[in-house]
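Chain by chain, the residues run as shown.
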Amino acid sequence: MEMLTGIDIKKTNHSRLDEVDFDHLEFGKYIADHMLVCDYYEGEWHEPKIVPFANLSLRPDTLALHYGQTVFEGMKAFRMEDGRVNIFRLDKHHDRFNRSLYRMCMPDMPEEIFKEGLKQLVKLDSNWVPKQEGGSLYLRPFMYASEARLGVKPADEYRFIIFTSPVQSVFAKPIKVKVETEYIRAARGGTGFAKCGGNYGGGFLPTQRAKEQGYDQVLWTKDNRFIEESGMMNAMFVINNTLITPPLSDSILDGVTRDSLLTLAEDNGIQTDERAVSIDELKAAFIDDTITEAFGAGTAAVVAPIERIGIDGTDYVLPPYHEQSVQNILKQKLHRLRTGLDADRYKWNTVI
Ligand SMILES: *Cc1c(COP(=O)(O)O)cnc(C)c1O
């Protein structure tokens, strides 16, 4: 904490806040006024700074551009009922960031820089946190190998940046997903559990193909048999009134939304089960009508209802979701907790 007593802040002279149309936010369209930057060299992290959001200048031999040492987080700050702002599950995001960094052979991000940095940045740009229902400030901490050198080995220098963007929940409309059995996203022993850049670049082609076939997203599978997760979301199903999601493994991202929804379900009398879900089980559940819901869970969308699942060229249709759907109940509970309408019994909110 010591090195942080007052992060050095250089404020912008030209706030872009009045350019924002808060009633029509598209994901990532607007970036808030400031960013935090912190450099790692000579074996340690140096003083973080908050500066106006601006371009980076990179040498072409910057290692991240070649060998993919990049890791990111995706989290949110919410406007509470009483007008204050809160950052959701700071600890869990920090933990996951460090687990991703470890896998990518990148230096640990100290808790003080991550947490104090986010708090001070969000505080400075707190007018960018939407007041509209369903709105939030999306926070993007990330790190990349900033050293310029052509050798194929872990870099000795890194840069950590946080910038933020006001958003509305995406995927308001139910989505169509395709069970993907030709391509995979992650393999046993690989980097699937890490939020590292390469995992996403590799997912674009299969997703593009699925879009050409009329779907919005793919559902990744393992061994051509078991459901893993979706693009940037964990997969959840309601079968026989039980909320089911595949168990965490090294090929599945440990979603904070997944964890939050499971916790809320358990504490609200909804049966949960973390277990493997096979493609065959899904097909059978559609045939005997025991599956009532399928949805994606992730920070950006919170809950993305699935209306149709394509398996081997056949589309299986889910009943429309409604007020009393499990996904809706959980989404509401989460919303109430984050906006201060319900007590924060799990200490998930960091109010700033
Ligand atoms: C980020 C992400 C998720 C969702 O995680 P949250 O912490 O809930 O946002 C799920 N799957 C993948 C592949 C992701 O990158």
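Model, not experiment: these values are computed from the prediction.

With that settled, the discussion passes to empty space enclosed by the protein. One simple way to see leftover space: roll a probe sized like a water molecule over the atoms. Inspection of the entire model under this criterion finds three cavities of 30 Å³ or more. Broken down by class, the residue content of the lining of the largest cavity amounts to two nonpolar, three polar and two charged. When we break the lining of the largest cavity down by domain, the ones giving at least three residues each are domain 1 (8-168) and domain 2 (175-338).

The next point concerns the site of the ligand. In the region of the ligand, 15 residues are neighbours, and Lys195, Tyr200, Glu229, Thr257 and Thr299 sit closest. Glu229 is positioned such that a nitrogen or oxygen atom in its side chain is 2.5 Å from a nitrogen atom of the ligand. In this structure, an oxygen atom belonging to the ligand sits 2.6 Å away from a side-chain N or O atom of Thr257. In isolation the ligand offers 370 Å² of accessible surface; the protein chains occlude 98% of this area. For the shell around the ligand, the per-class residue count stands at five nonpolar, six polar and four charged.

Another aspect to go through is the nonpolar core. One finds Trp45, Met109 and Phe160 to be the most contacted residues of the largest nonpolar core, which totals 49 residues. Counting only domains with at least three residues in this core, you end up with domain 1 (8-168) and domain 2 (175-338). Discounting chain neighbours no more than four positions away, the residues touching Phe160 are Leu36, Val37, Cys38, Trp45, Phe97, Met109, Ile113, Phe114, Pro141, Phe142 and Met143. In this structure, Val179, Leu219, Ile227 and Ile291 belong to the second largest nonpolar core, which totals 24 residues.

Reading the values: the criteria
Residues numbered from 1 in each chain as written. Predicted model: local features only at pLDDT ≥ 70, side-chain atom pairs only at ≥ 80, totals over all residues. Heavy atoms only, no water. 1 Å grid on protein atoms, 1.4 Å probe; cavity = no way out; pocket = protein on both sides within 12 Å on 5 of 7 lines; lining within 4 Å. Points joined across faces, edges and corners; volume = space filled by probe spheres on them. Nonpolar A, V, L, I, M, F, W, Y, C, P; charged D, E, K, R; others polar. Domains from an automatic or database assignment. Near = heavy atom within 4 Å. Polar contact = N/O pair within 3.5 Å; in protein donor to acceptor, adjacent residues only side chain to side chain. Areas by Shrake-Rupley, 256 points an atom, 1.4 Å probe, with all protein chains shown as cover. Core = buried A, V, L, I, M, F, W, Y, C linked by side-chain atoms within 4.5 Å. Buried < 20%, exposed > 50% of the residue type's maximum accessible area, 1.4 Å probe, protein only. Contact = heavy atoms within 4.5 Å.

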